[in-house]
Amino acid sequence: MTVLSVHPVVPLLSDSSRNLWWGAVIGGFVVVLAVAALLTILVVEVRTIDRRVAAVKETLKAAEQNTRDAALIGVTAGGVEAVLAEGLQHHLFLGRVLGKVRS
């Protein structure tokens, strides 16, 4: 009985072909690392933007709280004008009265 030995067929590559294959494998690995690094940077930047947007949102809410009573500025200005007019009347009156008393 004859036993046939089966040997796997291994293609032999020339040195230049083998170097090209290793260059392609290493180049692919470098590309994968670069893509992973860029995606990591992107995720970090998106998180930073998200935090800053939340901070701006809180600032705008605080600004809304601070300007809630802005409608009262007109009313207050009117009251201040009335007080100033009244003070001017008193000043003029006292000026006339004191002027008569001194002379």
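The following refers to the structure shown. (Residues numbered from 1 in each chain as written. Predicted model: local features only at pLDDT ≥ 70, side-chain atom pairs only at ≥ 80, totals over all residues. Heavy atoms only, no water.)

## Focus: the overall build of the protein
Now for step 1: A count of helices and strands for the protein gives two helices and zero strands.
Now for step 2: For the protein, buried positions account for 1% of its 103 residues.
Now for step 3: Total accessible area computed for the protein in this model is approximately 9800 Å², and 70% of it derives from carbon and sulfur atoms. (Helix = DSSP H or I, 4+ residues; strand = E, 2+ residues; numbered from the N terminus. Buried < 20%, exposed > 50% of the residue type's maximum accessible area, 1.4 Å probe, protein only. Areas by Shrake-Rupley, 256 points an atom, 1.4 Å probe, with all protein chains shown as cover.)

## Observations regarding a nonpolar patch on the surface
Now for step 1: A cluster of nonpolar residues, Val31, Val35, Leu39, Leu42 and Val46, forms a patch on the protein surface that exposes about 440 Å² of accessible area.
Now for step 2: Within the secondary structure, Leu42 sits in helix α1 (residues 15-66). (Patch = residues over 30% accessible without salt bridge, like charges linked within 9 Å, V, L, I, M, F, W, Y side chains within 5 Å. Salt bridge = Lys/Arg side-chain N within 4 Å of Asp/Glu carboxyl O.)

## Some thoughts on the pattern of salt bridges
Now for step 1: A complete count under the given rule lists two salt bridges for this structure.
Now for step 2: Put simply, Arg18 and Asp15 hold a salt bridge, and the shortest N to O gap is 3.2 Å. Taken together, the positions of Arg18 and Asp15, both in helix α1 and three residues apart, correspond to about one turn of that helix.
Now for step 3: The exposure class of Arg18 is partly exposed, given its relative accessible area of 38%.
Now for step 4: Between Lys61 and Glu58 there is a salt bridge, with its nearest N and O atoms 4.0 Å apart. With Lys61 and Glu58 both in helix α1 and three residues apart, the pair spans about one turn of that helix.
Now for step 5: Given the relative accessible area of 43%, Lys61 is considered partly exposed.

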